[in-house]
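Residue-level structure breakdown
Letter by letter, the chains look like this.
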Number of protein chains: 2
Amino acid sequence: MVTLAEVAQHAGVSASTVSYVLSGKRSISATTRQRVEQSIRELGYHPNAGARALASSRSNIVALMIPLRTDMYMPVMMEISIAVATAARGYGYDILLLTGQEGPDAVRRVTGSGLADGMILMDVQLDDERLPLLRTTKRPSVLIGLPADPSGLTCVDLDWSATGALCVDHLAGLGHRDIAVIGEAPGVYERHTGFAVRTLDGLRERARELGVRALHRPCEAGYDALAATLARIFDERPATTGFVVQNESAVEPLLSLLRQQGRAVPEDVSVVAICPDQVATQAPVRLTSVAIPAAEMGRRAMEQLVAKLEGRGSAEVALIAPELTVRASTGPGQV
Amino acid sequence: MVTLAEVAQHAGVSASTVSYVLSGKRSISATTRQRVEQSIRELGYHPNAGARALASSRSNIVALMIPLRTDMYMPVMMEISIAVATAARGYGYDILLLTGQEGPDAVRRVTGSGLADGMILMDVQLDDERLPLLRTTKRPSVLIGLPADPSGLTCVDLDWSATGALCVDHLAGLGHRDIAVIGEAPGVYERHTGFAVRTLDGLRERARELGVRALHRPCEAGYDALAATLARIFDERPATTGFVVQNESAVEPLLSLLRQQGRAVPEDVSVVAICPDQVATQAPVRLTSVAIPAAEMGRRAMEQLVAKLEGRGSAEVALIAPELTVRASTGPGQV
DNA sequence: TTGAAAGCGCTAACAC
DNA sequence: GTGTTAGCGCTTTCAA
């Protein structure tokens with residue numbers, strides 16, 4: 001293993017000079033720099049991460065806590081993770097992957113050991129049990145998601161409440177008066193997962209304002225579960241002409257079933273989805289949808305974290321405005 | 001920040017004693033151990049990761065390289081990652097998440113800096129450019145996937161070749177003579193991704209042995225792409241009665257289209273899928289399928305890696321035998 | 001069963 | 001612009 005001292009000797013300079021060439025923390029003459037860089041290349045030197053972390057008390061690692069659950073839509077989680085990791089490398093950080101299984105203990109462990117300089121948390125619940133810890137730790141953190149009380153925390157999230165409202169706006173604007181919401185699995189609401197609850201709240205409030213009826217039904221993954229849910233909906237509200245779907249695994253089954261039942265989309269029934277664009281555009285009917293900007297969320301979370309790590313930036317909530325793209329699944333309701 | 005020295009002082013013992021209590025590498029009297037553990041708890045001590053890594057030259061971190069691409073089925077990647085991370089914690093390791101974007105350089109960086117003690121690589125191509133490096137590095141690694149030449153490497157994978165053969169066996173056994181294979185996106189084959197190529201090879205060979213005709217068509221994600229692919233297949237081989245699908249995003253569209261065309265599954269046409277059980281059981285027709293044992297692959301990869309890290313275990317290929325579960329999507333072919 | 005002490009490789013004062 | 005050096009907090013001989 002090549003050490004900094006060996007590089008220094010090879011280049012005929014002192015250890016600190018090599019260190020400063022690497023960090024750029026003080027000016028170095030062009031010739032010295034070149035000599036050092038040459039030696040580094042020739043010897044194949046790589047700075048030792050542990051020694052660096054010990055001496056500088058910075059690991060250049062950021063922890064990312066992902067959910068362990070299987071009722072969340074994995075591609076979105078994955079896209080966020082990849083965006084975080086990619087952005088992190090751009091700032092010189094690596095990502096430590098933590099699953100939610102350790103819960104708050106993981107925060108303590110990572111934070112206490114100096115393993116990571118900061119952390120990003122996904123799958124935030126309204127009353128998340130990790131929050132008290134985050135507020136007291138000196139290590140910076142960023143949430144992807146918005147808890148009930150974000151005070152003292154930095155959060156990045158889609159504005160889910162506005163997303164719900166936007167869906168109603170669109171359908172109501174087209175003349176739909178009876179809307180059904182096909183939601184995430186029941187467990188998601190039972191855990192008080194922020195995005196699902198807020199979407200519903202925003203949607204219901206706007207519906208009330210506009211005098212539209214909104215019926216919400218959670219739905220497990222799979223064709224059969226959706227079939228049952230759909231049957232119940234038409235049973236309770238036969239006049240339903242508009243659907244809002246916030247459940248990726250329900251999208252295809254829904255379209256398929258409506259078709260089988262002879263309900264044409266968008267002539268008889270309109271569907272708005274809250275899902276990644278990829279899902280919306282790959283469905284049998286191109287779906288009018290509010291996109292989930294997974295990559296942007298990941299990227300912005302990392303940006304915020306770096307700002308905090310560098311002493312800039314502070315506790316704040318950054319909500320991304322939802323955008324609804326009209327495609328082929330929505331049309332006029334009753335005239 | 002609490003240090004080991006402070007704990008030692010508080011407990012009235014030497015630093016080395018505290019260290020040995022923590023590592024268990026030498027016997028400690030019960031009373032001493034209790035005193036030390038008490039102090040650790042009272043002071044809220046967490047060993048510093050950097051110092052540990054520096055002194056022991058082991059970071060207790062394992063790198064996991066995941067693909068950056070979006071044409072792989074994310075839920076499987078995610079499930080593998082979670083299984084790896086979960087297993088890792090059980091062995092006292094944390095996971096460093098690397099995306100494929102840095103390519104071989106990531107291997108060099110992580111390996112050279114001592115950031116990770118070993119690594120696990122996903123999305124392995126037959127002629128993967130990272131392999132030469134892995135063979136020469138002293139740091140242990142495990143591939144999830146099987147390259148063309150696995151010599152000197154440790155690999156864990158589903159036996160994809162046997163998987164392909166198994167699908168043909170099943171369909172041929174039911175009397176189908178004309179089989180169509182709906183595969184992954186073209187790019188997956190163009191990159192020579194191991195699992196896709198091997199599945200196809202195994203399938204074709206068995207088809208030849210059994211005198212069955214097999215037509216392979218790659219397929220991009222999405223409803224429209226599948227519709228085009230399906231049309232071509234029936235155009236070229238109108239007598240096709242059996243399908244093998246190795247493309248999760250094609251499953252629902254396929255069933256939906258067959259239904260629309262009046263081809264009943266399994267009465268007119270049989271479908272075997274190669275996909276996670278979750279996909280197979282949630283489809284509108286419960287699919288006969290060969291499961292992708294994502295969690296098992298992740299767990300076993302981590303097991304192998306730990307074995308190598310501890311000096312046990314060595315280069316070897318561990319193939320998981322495929323299992324075909326008969327469900328409702330396959331039935332007798334022409335009589 | 002325990003202690004003392006020499007590093008591990010790097011960073012960042014502090015000197016010049 | 002560059003060199004010297006004192007740690008960073010832990011592991012692990014060596015010695016008792």
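What comes next concerns the included structure.

Cut-offs and rules
- Residues numbered from 1 in each chain as written.
- Chains lettered and ligands numbered in written order.
- Predicted model: local features only at pLDDT ≥ 70, side-chain atom pairs only at ≥ 80, totals over all residues.
- Heavy atoms only, no water.
- 1 Å grid on protein atoms, 1.4 Å probe; cavity = no way out; pocket = protein on both sides within 12 Å on 5 of 7 lines; lining within 4 Å.
- Points joined across faces, edges and corners; volume = space filled by probe spheres on them.
- Helix = DSSP H or I, 4+ residues; strand = E, 2+ residues; numbered from the N terminus.
- Nonpolar A, V, L, I, M, F, W, Y, C, P; charged D, E, K, R; others polar.
- Near = heavy atom within 4 Å.
- Polar contact = N/O pair within 3.5 Å; in protein donor to acceptor, adjacent residues only side chain to side chain.
- Contact = heavy atoms within 4.5 Å.
- Buried area = accessible area lost by both parts, 1.4 Å probe.
- Salt bridge = Lys/Arg side-chain N within 4 Å of Asp/Glu carboxyl O.

**Points about the layout of surface pockets**
By volume, the second largest pocket is sized at about 1,200 Å³. What lines the second largest pocket is a set of 39 residues, among which Pro47, Asn48, Ala49, Arg52 and Asn60 of chain B lie closest to the centre. Put simply, the parts of the chain that give the lining of the second largest pocket at least two residues each are helix H4 (49-56) and helix H6 (104-113) of chain A together with helix H1 (4-11), helix H2 (15-23) and helix H4 (49-56) of chain B. Partitioned by chemical class, the residues of the lining of the second largest pocket number 18 nonpolar, 15 polar and six charged.

**Some remarks on the protein's contact with DNA strand C**
Taken together, 27 residues lie around DNA strand C, and Leu4 and Tyr45 of chain A together with Thr17, Ser27 and Thr32 of chain B are the ones closest in. Each atom of DNA strand C within 4 Å of the protein belongs either to a base or to sugar and phosphate, the latter forming 59%. Take threonine 32 of chain B: an N or O atom from its side chain is 2.2 Å from a phosphate oxygen of DNA strand C. Of all the secondary-structure elements, those providing two or more residues to the surface near DNA strand C are helix H2 (15-23) and H4 of chain A together with H2 and H4 of chain B. Of all the elements, H4 of chain A adds the most residues to the surface near DNA strand C, at four residues.

**A look at the interface of chain A and chain B**
Taken together, the contact between chain A and chain B spans 44 residues of the former and 43 residues of the latter. When chain A packs against chain B, close to 4,100 Å² is buried across both sides, 64% of that on carbon and sulfur atoms. It is His46, Met78 and Leu97 of chain A that lose the most area in chain A upon contact with chain B, and together they represent 14% of the buried surface on that side. Linking chain A to chain B there are four salt bridges.

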